[in-house]
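Fold and contact review
Residue strings, one per chain:
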Amino acid sequence: MLSTIKKMIKGYEEFRKKYVHGENSAMQKLANDGQQAQIMVVACCDSRVDPALILQCDPGDLFVVRNVANIVPPFEKDSGYHGTSAALEFGVCFLKVKHIILLGHSHCGGINALLNPKNIKENDFISKWVSVIDADINEKLTADELAKKALNRSYENCLSFPWIQDRVSNKDLMIHRWFFDIEKGEISGYDKNKQIYSGLTKDSI
Ligand SMILES: [Zn+2]
């Protein structure tokens, strides 16, 4: 643990050198101009799947919401506290992002909780949260196959938000399904026409 903390402090110093020092620093510019991220990412909380790190982005590049199993819940206007939906609203309606990337990944603990509920018997929130996926898990799916199915459900749920549906119809917004393989360190993107995941290229977005 101590070594991680030391690493963090060193990283923080490097961050300050790169982005903060000097009169026209990147952070000063971002503070003056405000954030203008064009890309929103819905990622998992998993410590191995940090979008900014995997995609080597800088501050201001990505508007990110992370939750267990990178789930987009359906549009529900009720008295609940909808954190992910609030982030989507901010990204889509106020920042006016052009892309939403749903970033699933292999070896997902949240997806495993959905697949093997007995392994995570006593919990206050996790089982209820991942049940949003509502997938047919009677089939013999692997966790990674279910993670990809979950991306489809999140994609459909995105379209249940009227302001997302409108922007997608007007071609002002694109929603992408990406899957990160932790072992290979590779992202594959879902090709709607071919209905398969294939290697990510510059044309994938
Ligand atoms: Zn995960």
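Preceding block: the structure.
Residues numbered from 1 in each chain as written. Predicted model: local features only at pLDDT ≥ 70, side-chain atom pairs only at ≥ 80, totals over all residues. Heavy atoms only, no water.

**Digging into the overall build of the chain**
Helix and strand counts for the chain come out as eight helices and six strands. Listed N to C, the secondary structure of the chain is α-α-β-α-β-α-β-α-α-α-α-β-β-β in terms of helices and strands. For the chain, the C-alpha atoms occupy an extent of roughly 60 × 50 × 40 Å along the three principal directions. Across the chain, contacts joining residues at least 24 apart in sequence account for 65% of those joining residues at least 6 apart. Carbon and sulfur atoms provide 52% of the accessible area of the chain, an area that totals close to 13000 Å². Charged side chains of the chain number 26 positive and 26 negative; the gap between the two group centres comes to 2 Å. (Helix = DSSP H or I, 4+ residues; strand = E, 2+ residues; numbered from the N terminus. Contact = heavy atoms within 4.5 Å. Areas by Shrake-Rupley, 256 points an atom, 1.4 Å probe, with all protein chains shown as cover. Lys, Arg positive; Asp, Glu negative; His and termini not counted. Charge placed at Lys NZ, Arg CZ, Asp CG, Glu CD.)

**Details of a nonpolar patch on the surface**
Residues Ile5, Met8 and Ile9 make up a contiguous nonpolar surface patch of roughly 290 Å² in combined accessible area. Along the chain, Ile9 turns up in helix H1 (residues 2-20). (Patch = residues over 30% accessible without salt bridge, like charges linked within 9 Å, V, L, I, M, F, W, Y side chains within 5 Å. Salt bridge = Lys/Arg side-chain N within 4 Å of Asp/Glu carboxyl O.)

**Some thoughts on the environment of Pro73**
Relative to the helices and strands, Pro73 resides in the loop between strand S2 (62-67) and helix H4 (83-94). Separated by 78 residues in the primary sequence, Pro73 and Leu151 place their C-alpha atoms 11 Å from one another. In contact with Pro73, other than residues within four places in its own chain, are Thr84, Ser85, Trp129, Val132, Asn157 and Phe161.

**A word on the packing of H4 against helix H8 (residues 162-169)**
Interaxial distance between H4 and H8 falls to 10 Å at its minimum, and their mutual angle equals 35°. In terms of crossing hand, the pair formed by H4 and H8 is left-handed. On H8, the residues touching Ser85, Leu88, Glu89, Val92 and Cys93 of H4 are Trp163, Ile164 and Arg167. (Axes fitted to C-alpha atoms, helices over the stretch in contact; angles between N-to-C directions. Left-handed = near helix turned anticlockwise from the far one by under 90°.)

**Examining the coordination of the zinc ion**
Distances from the zinc ion to its protein donors, Cys44 (SG), His105 (NE2) and Cys108 (SG), fall within 2.0 to 2.2 Å. Donor residues for the zinc ion, ordered by position in the chain, follow C-x60-H-x2-C. We note that His105, like Cys108, is buried. (Donors = N, O, S within 2.8 Å, 3.2 Å for Na, K, Ca; no water. Buried < 20%, exposed > 50% of the residue type's maximum accessible area, 1.4 Å probe, protein only.)

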